[in-house]
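The lines below spell out each chain.
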Amino acid sequence: MRRILTFSVLFIMMAVACNQGQEQATKDKVLSAEKLATTKEYVALNCQTCHSPDADHDSRLAPPFFAIRKHYLKEFPEQADFEKAIKSFVERPNEEHALMLGAIEKFGLMPPMMVEESQLNDIATYLYQVEQIHPQHSDKAEGAHGKGKSAEVKRLALSTKKVLGKNLMGELKEGGKEHALSFCNVQAITLTDSMSQNLKHRIRRVSDKARNPNNKASAEELKVLAEYQQALESKEELGPRMLNNENGNYGYFPILTNPMCLQCHGKIGAELETDFYQKVQQLYPEDEATGYGPGELRGMWVVDLDSL
Ligand code: HEC
Ligand code: HEC
């Protein structure tokens, strides 16, 4: 009897301890309306750059969350298990923990993201709580205003981004960021050049805080970047823009950071490790492209529309 009592006391103590340890991860956790809105926005800016809900297969770099959620719900119907699985994958993407092996084959393994733990907790709850957009539904919405040159600029910028993103993702996976860095250094420019040859368009990347001085924005381009920055701050949509002047006709498309970028463009000594940054500086002594957080304006694509 006494032993049973001891056991039950022990059991209760353990149960209480576990619950305290988990704090937030208990079942039926629901995000407040405010948290929901900020998390949705975070995901849209930081994850959907690759996990786009658009039905357009060509510009997508990863499966849409609609499909991911479906796979995870099937495998982990309980909220706590679902959230734990999502979190452990995002913290350390690897093939053993992945559910979507077909997606790995098609897109390559997801590179590591720099997401804070509390943020990741909210993302996991959000993905459990909220049904994600079905790609076919967003297709209709896209089609309605997907015409003309601005759609062409967007398409071009996205396909270039896809080539760059895919290669960068591959390099990060293969040999880590040091390997990827030399890849960027030697090949980033030729890559965009071969893209523009491919598409018979001139397309390049510029920034107000460039790593490579050749990518510095001109006075005119700085004005466009400032407009994008303002639009981002007032949470307006950042679509393609056009400009014509005596030099010709140009189309622009903004480039935002996501958590993958921070290991090379984040804060020095934080996401961007000091030792690694010394190597960056050896290659790019004039580097200005650090200190970024996720979802910030990093630069923009410039398309020469007269060559279209
Ligand atoms: C740079 C592109 C990129 C970004 C940004 C990105 N992902 Fe991914 N993600 C991928 C790719 C590619 C896959 C599919 C291959 C795989 O499973 O690794 C994937 C797969 C996943 C999966 C499913 C893994 C599986 O197979 O079980 C989850 C969950 C996920 N991502 C969550 C996130 C979250 C949350 C974010 C934002 C913090 C994010 N991703 C941002 C590229 C990205
Ligand atoms: C492995 C390190 C690495 C990662 C990860 C990385 N970059 Fe870069 N980035 C570089 C290097 C190196 C350059 C300079 C390339 C060159 O010489 O043109 C660069 C250049 C750029 C440029 C051109 C303007 C400039 O500063 O020269 C933009 C825009 C840019 N990166 C955006 C991004 C975005 C957005 C991401 C995330 C999706 C990202 N980068 C991820 C290393 C990286």
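This text follows the structure it describes.
Residues numbered from 1 in each chain as written. Chains lettered and ligands numbered in written order. Predicted model: local features only at pLDDT ≥ 70, side-chain atom pairs only at ≥ 80, totals over all residues. Heavy atoms only, no water.

Draft legend 1. Molecular detail of the coordination of the iron atom of ligand 2. Among all protein atoms, only His 265 (NE2) binds the iron atom of ligand 2, sitting 2.2 Å from it. Within the secondary structure layout, His 265 lies in helix α10 (residues 262-265). (Donors = N, O, S within 2.8 Å, 3.2 Å for Na, K, Ca; no water. Helix = DSSP H or I, 4+ residues; strand = E, 2+ residues; numbered from the N terminus.)

Draft legend 2. Expanded view of helix α9 (residues 219-233). Helix length check: α9 (15 residues) gives 21 Å between terminal C-alpha atoms against 21 Å at 1.5 Å per residue, within 8%. Buried residues of α9: Glu 221, Val 224, Leu 225, Tyr 228, Ala 231 and Leu 232, and no others. Down the axis of α9, the sector holding all buried residues measures 115°, keeping them to one side. The exposed set on the far side of α9, more than 90 degrees from its buried face, consists of Ala 219, Lys 223, Gln 230 and Glu 233. Turning to α9, the residues buried within the fold contact β1 (202-206), β2 (241-245), β3 (248-256) and β4 (297-304). Downstream of α9 by a residue or two, Lys 235 has a phi angle that is positive, lying close to 55°. (Expected span 1.5 Å × (residues − 1). Buried < 20%, exposed > 50% of the residue type's maximum accessible area, 1.4 Å probe, protein only. Arc of directions from axis to C-beta. Contact = heavy atoms within 4.5 Å.)

Draft legend 3. Up close: the coordination of the iron atom of ligand 1. Only His 51 (NE2) and Met 110 (SD) from the protein coordinate the iron atom of ligand 1, and they sit 2.0 to 2.1 Å from it. Coordination at the iron atom of ligand 1 is octahedral: its six donor atoms span angles of 87 to 178° at the metal. One end of the pair, His 51, is in the loop between α2 (33-46) and α3 (65-75); the other, Met 110, is in the loop between α5 (101-107) and α6 (117-129), with 59 residues separating them in the sequence. Here His 51 and Met 110 have matching classes, each one buried. (Tetrahedral: all angles 85-135°; square planar, octahedral: opposite > 155°, others 65-115°.)

Draft legend 4. Highlighting the site of ligand 2. Inspection of the region around ligand 2 gives 23 residues, with Arg 211, Cys 261, Cys 264, His 265 and Arg 298 positioned closest. Measuring from a nitrogen atom of ligand 2, one finds a side-chain N or O atom of His 265 at 2.9 Å. A distance of 2.6 Å is found between an oxygen atom of ligand 2 and a side-chain nitrogen or oxygen belonging to Arg 298. Among the secondary structure elements, those contributing two or more residues to the shell around ligand 2 are α8 (148-199), β3 and α10. Per-element tally for the shell around ligand 2: the top contributor is α8, with six residues. Of the residues in the shell around ligand 2, the class split is 13 nonpolar, five polar and five charged. (Near = heavy atom within 4 Å. Polar contact = N/O pair within 3.5 Å; in protein donor to acceptor, adjacent residues only side chain to side chain. Nonpolar A, V, L, I, M, F, W, Y, C, P; charged D, E, K, R; others polar.)

Draft legend 5. How the structure looks around the site of ligand 1. Lining the immediate environment of ligand 1, one finds 29 residues, of which Cys 47, Cys 50, His 51, Tyr 72 and Met 110 sit closest. Most atoms of ligand 1, that is more than half of them, are within 2 Å of grid points of the largest cavity. Among the elements of the structure, α3, α4 (79-91) and α5 are those that each provide at least two residues to the shell around ligand 1. A breakdown of the residues in the shell around ligand 1 according to their chemical character gives 24 nonpolar, five polar and no charged. Looking at which domains feed residues into the shell around ligand 1, each of domain 1 (18-137) and domain 2 (147-307) supplies at least three. (1 Å grid on protein atoms, 1.4 Å probe; cavity = no way out; pocket = protein on both sides within 12 Å on 5 of 7 lines; lining within 4 Å. Sits in = over half its atoms within 2 Å of the grid points. Domains from an automatic or database assignment.)

Draft legend 6. Looking closely at the pairing of β3. When β2 meets β3, the two strands line up antiparallel, connected through five bridges. Bridge pairing in β3 places Met 242 opposite Gly 251. In sequence, β2 turns back onto β3 through a hairpin of two residues. Relative to β4, β3 is paired through seven bridges, and the arrangement is antiparallel. Among the inter-strand pairings, Ile 255 is bridged to a residue of β4, identified as Gly 299. (Pairing = 2+ DSSP bridges.)

Draft legend 7. Structural view of the side chain of Thr 39. Counting through the fold element by element, Thr 39 comes out in helix α2. Its relative accessible area of 1% is what places Thr 39 among the buried residues. A polar side-chain atom of Thr 39 sits 2.6 Å from the main-chain carbonyl oxygen of Lys 35. Residues contacting Thr 39, with those up to four places away along its chain left out, are Leu 31, Gln 119, Asp 122, Ile 123 and Tyr 126.

Draft legend 8. Examining the sheet that holds β3 more closely. Taken together, the four strands give an open sheet; going across it, the order is β1-β4-β3-β2, and neighbouring strands pair in antiparallel fashion. The sheet terminates laterally at β1 and β2, the two strands that pair on one side only. Ignoring which end each strand starts from, the neighbouring axes of this sheet average 25° apart. Seen against the sheet, α9 touches β1, β2, β3 and β4 and runs at an angle of roughly 130° to β4. (Axes fitted to C-alpha atoms, helices over the stretch in contact; angles between N-to-C directions.)

All quantities given are derived from atomic positions and should not be read as evidence of function.
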